[in-house]
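Topology and contacts: notes
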Amino acid sequence: MEQLLGEDFNDAVQAASSSGLLSWVEPDDLKLKHRIGRGLFGDTWLATLHNSTEDFDGFHEVAVKVLPPLPKDQVGLILRRFERLYCASPGLKGVNWPQGISVKDGKACLITKLYEGSLGDKMARSARNKLLLPDIIRYGSDLARGVLELHLHGSLALNLKPCNFLLDDQDRAVVGEFGLPLLFLGTPAASSGHLIWLGTPNYMAPEQWDAHVRGPIHFETDAWGFACSIIEMIGGFKPWDGMSAEEIFSRVVVRGQSPSIPAGLPVAIFKIMKGCFEYDYRKRPNFEEILAAFTSPNVLFKEGDWVVDNLWGHSTRIGIVKKVLGPEAVLLQYCDKLGETVVCNGASKLNLWKNPIHVGDMVRVKPTIAIPRFSWHQNLQGIEGAVAEIDKQNSIFSVKFSGSKEVWQADPVEIELICSGIVAGDWVLRKESGSTSLAQRTPSSVGIVHHVQQDANVKVAFLGRETLWTGSPAGLSKLSPFCVGQFVKLKNEVSNPRFDWPLKKNTFWETGKVSGILPNGCLIVDFPGRLFNSKGWFADPQEVEAVTLSTCHGLIEKYEHLEAMHWSIRPILCLLGFLAAARVGTVVSKQILQPVAKKKKSTAKEVSLTKQVELQTPTNHEPVADGKQTGGQTWLLPAVANVLFKEGGNNSS
Ligand SMILES: Nc1ncnc2c1ncn2[C@@H]1O[C@H](COP(=O)(O)OP(=O)(O)OP(=O)(O)O)[C@@H](O)[C@H]1O
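Because the structure is a prediction, the values reported are computed rather than measured.

1. Quick word on the packing of helix α4 (residues 133–153) against helix α11 (residues 287–295)
- Relative to each other, α4 and α11 sit at 160°, their axes nearing to 9 Å. Considering their axes alone, α4 and α11 lie roughly antiparallel with respect to each other. In this structure, α4 meets α11 at a crossing whose hand is left-handed. Contacts between α4 and α11 pair Ile-136, Ile-137, Gly-140, Ser-141, Ala-144, Arg-145, Val-147, Leu-148 and His-151 from the former with Phe-287, Glu-288, Ile-290, Leu-291, Phe-294 and Thr-295 from the latter.
- Across the contact of α4 with α11, the residue classes tally to nine nonpolar, four polar and two charged.

This is the structure:
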């Protein structure tokens, strides 16, 4: 791989920084002294920076992250990402924001403040690598605050781990390094020749492993790495310690496992940590919730929190916390018709309402609700309305519809945010899609809506995009959704599918069954009879169509569909065919052979009876001619004949 070295690279970085977004440092002003860290995303050096102004000339110590050499063809792109990520410091207190950029020996150098060391260093110095719980809680809230600042600024951290948490001279923790994995997203690391991951394997969330396929990554992705770091501080060793990246991938991504959470944590922290390890990032808490748990570790909820109650199993209810009665007990008022106030003693089973509805939000009654709990006018079903008021005192939501003067009351569980007819969870087709990633393929144009925003934009996850697409719903049209259990096949016009797809008799694409759907709409497909594919089969929802018996034309297609429905159809049909053939064979052979057999049998019986008769008669060895007994025993013949006739008749019946 050709790398951009020396002057060329210098010029490229300088040009990028001339936009004023990055502060350029002359290479001669930066002296690298010795290395203090080594990681996947480059080495960290202790360095001195020469500062000279008109009346001041001095040196001060800094830390420098020396990034791996950049491949020549991607340097422009990486520098653009650089600018986007580190543009003008927003003055975040909890984050170690880079102070400048330079180039040394053809490698980009990020210059940052020199801290006392990292939490990783502190753990290495402490007994059994562990930290004390009060310290963990204090550092945890510092860090949650830092990550929240970063998220509010629009950036992801992605590589949260104790070695990247730095301690200042007041023993406060800050997020030391952030966003670096995003710079290299999709580029091979020039130095090692292998793909750089979107983080460090032991701390990576399922969607981080292959964000193109299993994405998107979003703010809640950081929750996983944060929780892994807390576990490491408690236990003294990192999650999945001693396992290779492949093993961790198999556990976290394929088998859906998560690190186990130690017992004995304060209630709120234990609950939040459990939430951080949800497989689907949409179910994880955001950093506001994480910060709340670490600042009040023994309080699950505070007064005024909206909570979702699934306690009774059957129906979900939304309520507001009226009073905190104890670590696990709250006084709750439901927002439904009854407006009941109850004491809830199992508050750890309640969940914060993650995306609460606000005044001004556009909503509709969920189509699945046949009879709303409040008296909702039938004509308003499916129509969009604006939330006019939320009466927190009495837990009442009021909605106003454009065509109506009246204000209608609503149960928040029964309404959903809507934007131009689109709600979260809808499958959509993006009318014009363009590539924004490094992959050769453009992202799929079929995706799933994840968020409906107040600014009338929606966030959609598309396969092939590592992050959510944000835009106006005007560019989207709704599609009927795929679902688990459905049968799919590649569309006729697809000749080169995004993922491998098995061929039948090396000629036709096989029909598969959807066994799972990833958050970005990527379909996990099973093919009957094809049990052994460690990587699994995937499908781009844009490239496949649903198959049902009724959509199959002709008997052969219908049979093939049946065959696709279960691997055992063919062997069962073969077995049935064989049994039927065997049965027919038996019947036919009976039909043909029976008269002969009957004849033979009758002859045999005749002979044996004759013999018996002979035996019963006094020995008279005179030959029998023409069926007539010679001598005086002819009286026996009619009786024998009678017996024979009778037996033969019985036999044939
Ligand atoms: N700004 C800084 N001030 C003081 N020490 C620092 C600073 N940045 C990093 N370090 C030191 O460097 C160590 C981490 O180095 P580095 O970031 O290169 O490794 P890593 O975090 O494992 O790698 P990566 O972040 O690439 O995955 C920290 O444990 C700390 O000792």
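2. So, the sheet that holds strand β9 (residues 306–309)
- Across the sheet, which stays open at both edges, the five strands sit in the order β12-β11-β10-β9-β13 with antiparallel pairing between neighbours. Unpaired on one side and paired on the other, β12 (341–344) and β13 (351–352) mark the two borders of the sheet.
- One ladder, built from four bridges, connects strand β11 (residues 329–334) with β12; its direction is antiparallel. The partner of Gln-333 across the bridge, within β12, is Thr-341.

3. A short note on the packing of aromatic side chains
- Scanning the model with the defined rule gives 13 aromatic pairs in all.
- Taken together, a centroid distance of 4.8 Å and an interplanar angle of 40° make the contact between Trp-97 and Phe-178 tilted. Of this pair, Trp-97 sits in the loop between α2 (75–86) and β4 (100–104) while Phe-178 sits in the loop between β8 (173–175) and α5 (180–183), and the two are 81 residues apart along the sequence.
- The buried category is assigned to Phe-178, whose relative accessible area is 2%.
- Here Lys-113 stacks its cationic end above the ring of Tyr-115, 4.6 Å away from the centre of that ring.
- Here the basic side chain of Arg-138 rests over the ring of Tyr-139, its NZ or CZ set 4.7 Å away from the ring centre.

4. A word on the packing of helix α10 (residues 267–276) against α11
- Contact geometry of α10 with α11 gives a least axis separation of 8 Å together with a crossing angle of 155°. The angle between the axes of α10 and α11 places the two elements in the roughly antiparallel class. Here α10 and α11 pass one another in a crossing that is left-handed. Here Ala-268, Ile-269, Ile-272 and Cys-276 of α10 come into contact with α11, specifically with Glu-289, Ile-290, Ala-293 and Phe-294.
- Residues belonging to the contact of α10 with α11 are distributed by class as follows: seven nonpolar, no polar and one charged.

5. Some words on the site of the ligand
- Near the ligand, the surroundings consist of 24 residues, among which Thr-44, Lys-65, Ser-118, Asp-121 and Glu-177 are the closest.
- Within the side chain of Thr-44, an N or O atom sits 2.7 Å from an oxygen atom of the ligand.
- The separation between an oxygen atom of the ligand and a polar side-chain atom of Glu-177 is 2.7 Å.
- Here the ligand has 620 Å² of accessible area as a free molecule, and 91% of this is covered by the chains.
- For the shell around the ligand, the elements supplying multiple residues, two or more each, are β1 (30–39), β2 (42–52), β3 (57–66) and β5 (107–113).
- Ranked by the residues each element gives to the shell around the ligand, the list is headed by β1, at four residues.
- Here the shell around the ligand is built from residues that sort into eight nonpolar, 10 polar and six charged.

How each quantity is defined
Residues numbered from 1 in each chain as written. Predicted model: local features only at pLDDT ≥ 70, side-chain atom pairs only at ≥ 80, totals over all residues. Heavy atoms only, no water. Axes fitted to C-alpha atoms, helices over the stretch in contact; angles between N-to-C directions. Helix = DSSP H or I, 4+ residues; strand = E, 2+ residues; numbered from the N terminus. Parallel < 35°, antiparallel > 145°, perpendicular 65-115°, else oblique. Left-handed = near helix turned anticlockwise from the far one by under 90°. Contact = heavy atoms within 4.5 Å. Nonpolar A, V, L, I, M, F, W, Y, C, P; charged D, E, K, R; others polar. Pairing = 2+ DSSP bridges. Phe/Tyr/Trp six-rings, centres within 6.5 Å; stacked < 30°, edge-to-face > 60°. Buried < 20%, exposed > 50% of the residue type's maximum accessible area, 1.4 Å probe, protein only. Lys NZ or Arg CZ within 6 Å of the ring centre and 35° of its normal. Near = heavy atom within 4 Å. Polar contact = N/O pair within 3.5 Å; in protein donor to acceptor, adjacent residues only side chain to side chain. Areas by Shrake-Rupley, 256 points an atom, 1.4 Å probe, with all protein chains shown as cover.

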